[in-house]
2 protein chains.
Amino acid sequence: MTLTRDAVVDAAVDLLGEVGLEGLSLRRLARDLGVSAPTLYWHVADKRTLLDHVAERLLADQWRVIPLAPGEDWADWLRERAIAQFRALVAHRDAALVVAGNRPTEASLPAVEQVLATLIGAGLAPVDAFSTVQAVGNLVIGSAIEYHAERERPASDHGRPAPPDPQVYPHLAALRPALAERAGTPEDHEALFRHGLDLMIAGLRVSLATR
Amino acid sequence: MTLTRDAVVDAAVDLLGEVGLEGLSLRRLARDLGVSAPTLYWHVADKRTLLDHVAERLLADQWRVIPLAPGEDWADWLRERAIAQFRALVAHRDAALVVAGNRPTEASLPAVEQVLATLIGAGLAPVDAFSTVQAVGNLVIGSAIEYHAERERPASDHGRPAPPDPQVYPHLAALRPALAERAGTPEDHEALFRHGLDLMIAGLRVSLATR
DNA sequence: TAGCGTCCCTAACGCTGTTAGAGGAGGGGG
DNA sequence: CCCCCTCCTCTAACAGCGTTAGGGACGCTA
């Protein structure tokens, strides 16, 4: 069985999950595949385009077209799609960083078209629908990157940061106990993402109602 | 005049704007400062912590406390702050990527405290106010990163991507003329960011009204 | 059998972040 | 005056990086 480009991309996805974007080197990847490093250049033009393929694979599931069920609220439908996208980016280490460096791929067009159709069908102006798709995407990327960034750093920190002085920062200090237990957990980050997403969706509802 | 850490950080900020994050190497930075590369390690622990200082400098202006003017709408105030933050990240090449890798720094606490106070003063529950601050921050980061990512790539692209087939992608095809002229410009990205931000703010208004 | 495309190899280039260890300049105390 | 000590900078080097050049073994086709 000879090496294929798909196998290279598979191994790259695995390696990314194992060592993160900074640790993903072609030499290491080649070693995992039992092959020398320059061999990879036969299957892949470049490290950058390899990462493009990795990004495409990470999001592949998200490009499935899932039509709005009859009677289903478009907002619920949109929320579920966005959450699934967020989960896909959070599930794999540094996935958000890899995806962020990418041009939108051809494979995403059907899904984008369908979201556009649904939002326009709900009553949004086409240009607003397009802006909304991108804005939600930006929120997904930003939330996922922030999640990974927070996750990668704790080693460099010498202990926890000092608690905020209640005299100077009363609100921050008051929030501390509420945040302490769940801060940093994936559930917390997903809840945070949902909060922003729900704000956007509520805003969409308003802009639909006032047209 | 001997070298100081501030001077190193200044030069790093300049170099970042010139060559981007990928081109920012300690050797190149040292050369710009007329110094050998290992010398930098006297002033800075690490490349990573150097970038931390760079991030802090890039956002320094944003931590200024600007209180809500009497009679000013909290939403307008919040919007202006967020837009200023977005502009700061968009103005400097790869600024968003550098900032995204960072822990929140001590210097940001007064500003966060003040935003919390304003949102709570407007009637938001403290926990919701905190989530909102972070959600807006995530939207800022995501939008800015997407802006830079799009800006860095066009060299690798062989021409424009093919126009979407109107038969298969009617909505995308219909949008093409409207997007063609302004796509990619900083104004377009700021407008896109404002769209998402306004959705969130409209959502906030709703959640305030229904309490 | 000859040729050719496919797939992999070794060797090497110039770059990277980082460490080890030496040395010069300048000020303070004996 | 001289010595020491601290600050700051240096050269040399290490392991690792992405990438290119060029060669060699395999199997299919003519």
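Residues numbered from 1 in each chain as written. Chains lettered and ligands numbered in written order. Predicted model: local features only at pLDDT ≥ 70, side-chain atom pairs only at ≥ 80, totals over all residues. Heavy atoms only, no water.

Under an unreviewed UniProt entry, chain A has the name TetR/AcrR family transcriptional regulator C-terminal domain-containing protein and belongs to Actinomycetospora chibensis.

(A) Empty space enclosed by the protein, seen in detail. Residue and element names in this part refer to chain A. What the rule picks out here adds up to two cavities of 30 Å³ or more. There is about 50 Å³ of room inside the largest cavity. Lining the largest cavity are V8, L26, L29, L40, Y41, V44, A45, D46, K47 and L50. Only α2 (26-32), α3 (40-43) and α4 (47-59) provide two or more residues apiece to the lining of the largest cavity. Split by residue class, the lining of the largest cavity holds eight nonpolar, no polar and two charged. (1 Å grid on protein atoms, 1.4 Å probe; cavity = no way out; pocket = protein on both sides within 12 Å on 5 of 7 lines; lining within 4 Å. Points joined across faces, edges and corners; volume = space filled by probe spheres on them. Helix = DSSP H or I, 4+ residues; strand = E, 2+ residues; numbered from the N terminus. Nonpolar A, V, L, I, M, F, W, Y, C, P; charged D, E, K, R; others polar.)

(B) A look at the UniProt feature "DNA-binding region" (unreviewed entry) in chain A. Taking the numbering used here, the UniProt-annotated feature "DNA-binding region" (unreviewed entry) corresponds to residues 25-44 of chain A. End-to-end, the C-alpha atoms of residues 25-44 of chain A are 14 Å apart, and along that stretch the chain is 55% helix and 0% strand. (UniProt positions renumbered as here; feature names shortened; annotations may be inferred.)

(C) Focus on the packing of helix α7 (residues 109-122) of chain A against helix α9 (residues 170-180) of chain B. Where α7(A) meets α9(B), the closest approach of the two axes is 8 Å, and the angle between their N-to-C directions is 85°. With respect to their mutual orientation, α7(A) and α9(B) come out roughly perpendicular. Each of A:L109, A:V112, A:E113, A:L116, A:A117 and A:I120 in α7(A) lies in contact with α9(B), whose residues at this interface are B:P170, B:H171, B:L172 and B:L175. Partitioned by chemical class, the residues of the contact of α7(A) with α9(B) number eight nonpolar, one polar and one charged. (Axes fitted to C-alpha atoms, helices over the stretch in contact; angles between N-to-C directions. Parallel < 35°, antiparallel > 145°, perpendicular 65-115°, else oblique. Contact = heavy atoms within 4.5 Å.)

(D) Region of the structure containing the UniProt feature "domain: HTH tetR-type" (unreviewed entry) in chain A. UniProt's entry tags residues 2-62 of chain A with the feature "domain: HTH tetR-type" (unreviewed entry), counted in the numbering of this structure. For residues 2-62 of chain A, the end-to-end C-alpha separation is 30 Å, with 70% helix and 0% strand making up the annotated structure.

(E) Spatial organisation of the protein's contact with DNA strand C. A:S36, A:T39, A:H43, B:R27 and B:Y41 are the nearest of the 16 residues found near DNA strand C. Restricting attention to atoms of DNA strand C within 4 Å of the protein, one finds that 56% of them are sugar or phosphate atoms. B:L26 is positioned with one of its backbone polar atoms (N or O) 2.9 Å from a phosphate oxygen of DNA strand C. At 2.6 Å, a side-chain N or O of B:Y41 approaches a phosphate oxygen of DNA strand C. Mapped by element, the contributors of at least two residues to the surface near DNA strand C are α3 of chain A together with α2 (26-32) of chain B. Across the surface near DNA strand C, the residue classes break down as eight nonpolar, four polar and four charged. (Near = heavy atom within 4 Å. Polar contact = N/O pair within 3.5 Å; in protein donor to acceptor, adjacent residues only side chain to side chain.)

(F) How the structure looks around the protein's contact with DNA strand D. Residues in contact with DNA strand D amount to 16 residues; listed here are only the nearest, A:R27, A:Y41, B:S36, B:T39 and B:H43. B:R27 has a polar side-chain atom sitting 3.4 Å from a base nitrogen of DNA strand D. Separating a phosphate oxygen of DNA strand D from a side-chain N or O atom of B:W42 is a distance of 3.3 Å. Of all the secondary-structure elements, those providing two or more residues to the surface near DNA strand D are α2 of chain A together with α3 (40-43) of chain B. Class assignment of the residues belonging to the surface near DNA strand D gives a composition of eight nonpolar, four polar and four charged.

(G) Region of the structure containing the relation of the copies chain A and chain B. For the pair chain A and chain B, the relating rotation is 180°, the translation along its axis is 0.0 Å, and the fit reaches an RMSD of 0.1 Å. The operation mapping one copy onto its partner corresponds to a two-fold rotation axis. Of all interface residues in chain A, 100% are interface residues in chain B too; the two copies therefore contact each other through one and the same surface. (Least-squares fit on C-alpha atoms with pLDDT ≥ 70 in both.)

(H) Broad picture of the packing of aromatic side chains. Within this structure, the stated rule accounts for two aromatic pairs over all chains. With a centroid separation of 4.4 Å and an interplanar angle of 5°, the aromatic rings of A:F86 and A:F193 are classed as stacked. Pair noted here: A:F86 is in helix α5 (residues 74-91) and A:F193 is in helix α10 (residues 186-209), with a separation of 107 residues, a long-range link. Here A:F86 matches A:F193 in class, with each residue buried. A cation over an aromatic ring shows up here: B:R205 above the ring of B:W74, its NZ or CZ 5.8 Å from the ring centre. (Phe/Tyr/Trp six-rings, centres within 6.5 Å; stacked < 30°, edge-to-face > 60°. Buried < 20%, exposed > 50% of the residue type's maximum accessible area, 1.4 Å probe, protein only. Lys NZ or Arg CZ within 6 Å of the ring centre and 35° of its normal.)

(I) The domain arrangement of chain A, seen in detail. All names here are of chain A. On domain assignment, one finds that chain A holds domain 1 (5-58) and domain 2 (67-209). Computed from C-alpha coordinates alone, the two centres of domain 1 and domain 2 are separated by 28 Å. Across the boundary between the two partners, domain 1 contributes 15 residues, which contact 12 residues of domain 2. When the two sides are added together, the surface that domain 1 and domain 2 hide from each other amounts to roughly 1000 Å², 61% of it contributed by carbon and sulfur. Counting the surface domain 1 buries against domain 2, the share from its top three residues, L21, E56 and L58, is 40%. Here domain 1 is connected to domain 2 by zero salt bridges. Sorting the residues of the side of domain 1 that touches domain 2 by element identifies α1 (5-23) and α4 as the ones contributing at least two each. (Domains from an automatic or database assignment. Buried area = accessible area lost by both parts, 1.4 Å probe. Salt bridge = Lys/Arg side-chain N within 4 Å of Asp/Glu carboxyl O.)

(J) Summary view of the pattern of salt bridges. Residues and elements named next belong to chain A. Within the structure shown, the criterion is met by 22 salt bridges over all chains. With a shortest N-O distance of 2.9 Å, R48 and D52 are connected by a salt bridge. Here R48 and its partner D52 are both found in helix α4, four residues apart, which amounts to about one turn of the helix. Its relative accessible area of 19% is what places D52 among the buried residues. Linked through salt bridges whose partners overlap, the residues forming this network are D6, D10 and R57.

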